[in-house]
There are 2 protein chains.
Amino acid sequence: MQSFQLLSEKFALYFEKWHFPEEPATLYQPNEYFLNIGGKRIRPVLCMMGNELFDEMRSDSLHVGAAIELFHNFTLIHDDIMDKAPLRRGMETVHSRFGTNTAILAGDVMLVAAYEELNKISLEYLRPVLTLFNRTAKEVCEGQQYDMDYESRKQVSQAEYLKMIELKTSVAIAASLQAGAIIGGSGERNQHLVYEFGRKLGIAFQVQDDYLDAFGDPDKFGKQVGGDILSNKKTFLLIHAMETCTPSQLNELNALMEGNSENKVDRMLQLYRDCGVDEWALELKNQYLNEAFQHLEDVAVLSRRKEPLKELASFLVSRDH
Amino acid sequence: MQSFQLLSEKFALYFEKWHFPEEPATLYQPNEYFLNIGGKRIRPVLCMMGNELFDEMRSDSLHVGAAIELFHNFTLIHDDIMDKAPLRRGMETVHSRFGTNTAILAGDVMLVAAYEELNKISLEYLRPVLTLFNRTAKEVCEGQQYDMDYESRKQVSQAEYLKMIELKTSVAIAASLQAGAIIGGSGERNQHLVYEFGRKLGIAFQVQDDYLDAFGDPDKFGKQVGGDILSNKKTFLLIHAMETCTPSQLNELNALMEGNSENKVDRMLQLYRDCGVDEWALELKNQYLNEAFQHLEDVAVLSRRKEPLKELASFLVSRDH
């Protein structure tokens, strides 16, 4: 089984091409522009690793990986419209640059292109991969809807936030791995285990993301530390603080959220520390990570086949920026 | 082969159900609401007729018909956002009632649901039907993009408008028929012929639509006659008038388009009549209709099998409202 770096390069060789027809350029150039912004292409590599966990790499993994990456970019284009985000990875978002109408349509056609990639795989895997892909696509949309719903709510429980994160983030990671496993000829039990590995890894990753937004090293984080606090985003940290702090701390927390005082971030971070939210979050991350690794452990293949996946997982959740 | 009425009822029995999960209701209720607004479900019936042209009806036609209908509704939801349309069939559009963000997401998940229906058909037809569906879906998006592009342009040629109409309207009708033919076990030549029948029928239908918007009976038309004229929409009629009228007529035409005089519709209609645009449009419609029927004639099956399709086609392009 190959390392992340090698698989990334293999995927890039397949994926970094012109994906759409030339005309109408007003529709397709925005998509090429957005795909060129790049990204780490983690999901396709997970798909390829899922394949290699069970058998040697098949070209079907590249097609499914491409489908997943196109799907991911479709969700980003539409999410950016909904979130009114002007920038993505430092570049203008599609709707900022080309207008909302074109961004809606460009996203739509990106989703269709994902299904075109899926339709390239061997017929024997087409049905199960389509089934998994469709279910996951719906779940990701559901996650985005919950995310929007929660924005306008006063209170969100830890269980609700977890469900939203699972739908919006984790299932796509889990499905990438499972799709690869299907192509690798894995049986159902092993498929289930790699799916669960991916699902828990995705949650651990999100806990870390929430943690770094508050406690990350500003020099390494790359974006504004405390962004979630400033926008009152209901993260793992905020929800846990609200659920566990004392009544007087809750008063201060609510006052901080209602106002926009200059030292809002610092005071909220102090409050988080006073409630032990920082340590709790690191524990929570490790708990999900341990559960994830246990699922991987249980997959019935030689353990050396699991090494690249373990490495990638550790890398993903150990970054401090 | 069964009549439109019978096939409509069969399709309704399959389609008029709850298509989405209950939760999140904020995402799925808008879709159920929109599907309940109804519509003539012409495309699914065309799919079923395409099937019955070659063999007895298979349940796969219902699945593909449902996929096409869900796809059609997805395009309507997103087009309504882009067109800022407040109403559709006298009811509030999804974005008017539930907000633009939800309408984007509801459309997205409607498209995924279309692929879920497709994934229910027999494996032997899955690849060719997916190929046809994906290509058509992209073309419909392209048509919508051209339509938006043309709005901001001063001049559009007849050939450009025709191409836009083909992409936005005709190919979906053509593909509905061809998908049915695939399921009916038709060979490639016959598939091509029913596709061309549908493509030309779709163009004839659009010529008629443009004609009725200008020359329809106001009592029967159901919507404002002259709507296209008031909004300066570049239709078959306007483009032909611009291409064939005298320089002085062109001056008047441009003046009418730039202003919004009270008698704009009446004066433009007079100008259309002076240029013979009304008769030309009826001829153009009949020309496409004749070509469509010739393709149907050439399909190598017993001619009595073609009767319901002929009837439906004649009905679609003979309405005066």
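As a reminder, the structure under discussion sits directly above these lines.
Everything quoted here is computed from the prediction, not taken from an experiment. (Residues numbered from 1 in each chain as written. Chains lettered and ligands numbered in written order. Predicted model: local features only at pLDDT ≥ 70, side-chain atom pairs only at ≥ 80, totals over all residues. Heavy atoms only, no water.)

Moving on: the overall build of chain A. Looking only at helices and strands, chain A features 16 helices and 2 strands. At 20 Å, chain A has a C-alpha radius of gyration in line with the 20 Å of a compact globule built from 321 residues. If you line up chain A on its principal axes, its C-alpha atoms span 60 × 50 × 35 Å. Counting across all 321 residues of chain A, residues that qualify as buried make up 61%. Sequence separation of at least 24 residues holds for 73% of the intrachain contacts in chain A that already meet a minimum separation of 6. As displayed, chain A has an accessible area near 13,400 Å², and 49% of this comes from carbon and sulfur atoms. Charge separation in chain A, taken as the distance between the mean sites of 34 positive and 48 negative side-chain charges, equals 2 Å. (Helix = DSSP H or I, 4+ residues; strand = E, 2+ residues; numbered from the N terminus. Rg over C-alpha atoms; globule rule 2.2 N^0.38 Å. Buried < 20%, exposed > 50% of the residue type's maximum accessible area, 1.4 Å probe, protein only. Contact = heavy atoms within 4.5 Å. Areas by Shrake-Rupley, 256 points an atom, 1.4 Å probe, with all protein chains shown as cover. Lys, Arg positive; Asp, Glu negative; His and termini not counted. Charge placed at Lys NZ, Arg CZ, Asp CG, Glu CD.)

Turning next to the pattern of salt bridges. Scanning the entire structure with this criterion turns up 32 salt bridges over all chains. For Glu69(A), the salt bridge goes to Arg41(A), with nearest N and O atoms at 3.0 Å. Taken together, the positions of Glu69(A) in helix H4 (residues 59-82) and Arg41(A) in the loop between helix H2 (25-37) and helix H3 (42-52) put the pair 28 residues apart, joining distant regions of the chain. The two residues Glu69(A) and Arg41(A) agree in class, both being buried. Across the pair Arg267(B) and Glu252(B) runs a salt bridge, and its minimum N-O distance is 3.5 Å. Placement of the pair is Arg267(B) in helix H14 (residues 264-274) and Glu252(B) in helix H13 (residues 247-258), with a sequence separation of 15 residues. Salt bridges linked by common partners bring Glu16(A), Arg41(A) and Glu69(A) together as one network. (Salt bridge = Lys/Arg side-chain N within 4 Å of Asp/Glu carboxyl O.)

Here the focus is the environment of Ala179(B). Residue and element names in this part refer to chain B. Assignment of secondary structure puts Ala-179 in helix H8 (residues 158-183). Relative accessible area serves as the criterion here: at 3%, Ala-179 is assigned to the buried category. Residues Ala-179 and Gly-226, spaced 47 residues apart in sequence, show a C-alpha to C-alpha distance of 36 Å.

The biggest cluster of nonpolar side chains holds 232 residues, and the ones touching the most others in it are Val64(A), Phe236(A), Tyr272(A), Val64(B), Phe236(B) and Tyr272(B). The contact partners of Tyr272(A), leaving out residues within four places of it in the chain, are Ala214(A), Phe215(A), Ile229(A), Leu237(A), Leu238(A), Ala241(A), Val277(A) and Asp278(A). (Core = buried A, V, L, I, M, F, W, Y, C linked by side-chain atoms within 4.5 Å.)

All names here are of chain A. For the pair helix H15 (residues 277-298) and helix H16 (residues 307-318), the least separation of the axes is 11 Å and the interaxial angle reads 170 degrees. As summarised for this structure, H15 and H16 are arranged roughly antiparallel, according to the angle between their axes. Every residue of H16 that contacts H15 at Lys-285, Leu-289, Phe-293, Leu-296 and Glu-297 is listed here: Leu-309, Lys-310, Ala-313, Ser-314 and Val-317. Grouping the constituent residues of the contact of H15 with H16 by class yields 6 nonpolar, 1 polar and 3 charged. (Axes fitted to C-alpha atoms, helices over the stretch in contact; angles between N-to-C directions. Parallel < 35°, antiparallel > 145°, perpendicular 65-115°, else oblique. Nonpolar A, V, L, I, M, F, W, Y, C, P; charged D, E, K, R; others polar.)

Below, the discussion takes up the side chain of Glu139(A). Residue and element names in this part refer to chain A. Residue position: Glu-139 is located in helix H7 (residues 123-151). On the basis of relative accessible area, Glu-139 is assigned to the buried category, the value being 17%. Setting aside anything within four residues of it in sequence, one finds Glu-139 in contact with Leu-167, Val-171 and Tyr-195.

Note that all results are geometric; they support no functional claim without further evidence.
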